[in-house]
Amino acid sequence: MSSLPRVVVLLSGGGTNLQALIDSAATSELGAQLVGVISNRPAAFGLERAAKAGIATRLLDHTAFDSREAFDTALMAEIDQFQPDIVVLAGFMRILTPAFTEHYLGKMLNIHPSLLPKFQGLHTHQRAIDAGDNCHGVTVHFVTAELDGGPAAIQAIVPIEQQDDAASLAQRVQVQEHIIYPMAVNWLASGRLRYQAGKAWLDGSPLPVQGFQIDSRL
Ligand code: GRF
């Protein structure tokens, strides 16, 4: 059995970010092994992607639970059965309880489609266009109790073109998502990226609030 760090991915939908991780693991670039994929939605296509790649899948339907706490407790038990070193949220559309985020503090990453701290929450592409911004992007960050609020590891900047609508912008942002998420997971798996004292650190130095930045315009 591989001794690479063990990664569990949580998702709710299509799973293109999971696919990017699967592809990166297949070439050994990821430096980590994907040991389990858990969805809270039965129809999530990401489950099929995982099964096709030979990764164990679990479905934990949140509608079967009475409370957020009960769901998160059951989810922690499912995740921990895989004995993960890293937990990756890849389009996991759930608000997490503090007990959950605390349990995985420093080893759980999320990807959020905006240049955090701008546009936490939903509909980020439309909000960036409506704000008249000339650039937008995506952030991978450590997960803390604050929704989309944990310290950033890496961010990719994407220009907003005059003719962009939310869909076209989202498409270009996703291209960058699929580049930066495997990078961030690789950094965390190799120990280059760490969470310490409320900050993200790369190669022994604290990162700025926006994390390591990649500018897709360059
Ligand atoms: C991505 O846009 C990600 O930024 C957001 O949810 C979406 C997931 O997409 N958190 P996919 O399921 O990985 O295709």
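Residues numbered from 1 in each chain as written. Predicted model: local features only at pLDDT ≥ 70, side-chain atom pairs only at ≥ 80, totals over all residues. Heavy atoms only, no water.

Would you mind showing me how to read the overall build of the chain here?
Across its full length, the chain carries six helices and 11 strands. What you see for the chain is a C-alpha radius of gyration of 17 Å, in line with the 17 Å of a compact globule of 218 residues. For the chain, the spread of C-alpha atoms along the principal axes amounts to about 45 × 40 × 35 Å. Split into buried and exposed, the 218 residues of the chain put 49% on the buried side. In the chain, once contacts between residues fewer than 6 apart in sequence are set aside, the share between residues at least 24 apart is 65%. As presented, the chain carries roughly 10200 Å² of accessible surface, and 53% of it is formed by carbon and sulfur atoms. Charge-centre separation for the chain: the mean point of 15 positive side chains lies 3 Å from the mean point of 21 negative side chains. (Helix = DSSP H or I, 4+ residues; strand = E, 2+ residues; numbered from the N terminus. Rg over C-alpha atoms; globule rule 2.2 N^0.38 Å. Buried < 20%, exposed > 50% of the residue type's maximum accessible area, 1.4 Å probe, protein only. Contact = heavy atoms within 4.5 Å. Areas by Shrake-Rupley, 256 points an atom, 1.4 Å probe, with all protein chains shown as cover. Lys, Arg positive; Asp, Glu negative; His and termini not counted. Charge placed at Lys NZ, Arg CZ, Asp CG, Glu CD.)

Help me understand the environment of Val143 in this model?
Residue position: Val143 is located in the loop between β6 (135-142) and β7 (152-159). In this structure the C-alpha to C-alpha distance between Val143 and Thr63, which are 80 residues apart in sequence, comes to 23 Å. For Val143, the contacting residues outside a window of four places in its chain are Leu89, Leu96, Thr101, Leu105, Met108, Leu109 and Asn110.

I keep staring at the side chain of Ser24 and nothing clicks. Help me out?
Positionally, Ser24 belongs in helix α1 (residues 16-26). Residue contacts for Ser24: discarding those within four places in its chain leaves Glu29, Leu30 and Pro182.

Explain the nonpolar core here, please?
Across soluble globular proteins, nonpolar side chains show a tendency to be buried alongside one another. In terms of nonpolar packing, the biggest core is built from 41 residues, with Val9, Val88 and Leu193 touching the most fellow members. It is helix α6 (residues 166-190) that provides the largest number of residues to this core, a total of nine residues. Non-local contacts of Val88, meaning those with residues more than four positions away in its chain, are made with Val7, Val8, Val9, Leu10, Leu21, Leu109, Tyr181 and Val185. Ranked by size, the runner-up nonpolar core spans 18 residues in total, among them Ile38, Phe82, Val87 and Tyr104. (Core = buried A, V, L, I, M, F, W, Y, C linked by side-chain atoms within 4.5 Å.)

In this structure, what is going on with the packing of aromatic side chains? I would like to understand it.
Both the distance between ring centres and the angle between the ring planes are used here to describe each pair of aromatic rings. If you walk through the whole model with that rule in mind, you get four aromatic pairs. With a centroid separation of 5.4 Å and an interplanar angle of 80°, the aromatic rings of Trp187 and Phe212 are classed as edge-to-face. Note that Trp187 is positioned in helix α6 and Phe212 in strand β11 (residues 212-215), a separation of 25 residues in sequence. By relative accessible area, which is 36% here, Phe212 ends up partly exposed. (Phe/Tyr/Trp six-rings, centres within 6.5 Å; stacked < 30°, edge-to-face > 60°.)

Whenever I open this one, the side chain of Asp164 confuses me. Can you help?
Within the secondary structure layout, Asp164 lies in the loop between β7 and α6. Within polar-contact distance, the side chain of Asp164 engages the side chain of Ser168 at 2.6 Å. Discounting residues that sit within four places of it in the chain, Asp164 has contacts with Ile129, Pro159, Leu169 and Arg172. (Polar contact = N/O pair within 3.5 Å; in protein donor to acceptor, adjacent residues only side chain to side chain.)

Looking at this structure, I do not really get the pairing of strand β3 (residues 56-59). What am I missing?
Each regular strand shows side chains that alternate between the opposite faces of the sheet. As judged from the four bridges shared by strand β2 (residues 33-39) and β3, these two strands associate in the parallel manner. By the bridge assignment for β3, Ser39 is matched with Leu59. In terms of handedness, the path from β2 via helix α2 (residues 45-52) over to β3 forms a crossover that is right-handed. (Pairing = 2+ DSSP bridges. Right-handed = clockwise from strand over helix to strand, strands pointing away.)

Please explain α6 as it appears in this structure.
Given 3.6 residues per helical turn, the α-helix brings residues three or four places apart onto the same face. Taking 1.5 Å per residue as the helical rise, α6 with its 25 residues ought to reach 36 Å, and the 35 Å between its terminal C-alpha atoms agrees with that figure. Following α6 by one or two positions, Gly191 has its phi on the positive side, about 90°. (Expected span 1.5 Å × (residues − 1).)

Keep in mind that these numbers describe shape and distance, not what the molecule does.
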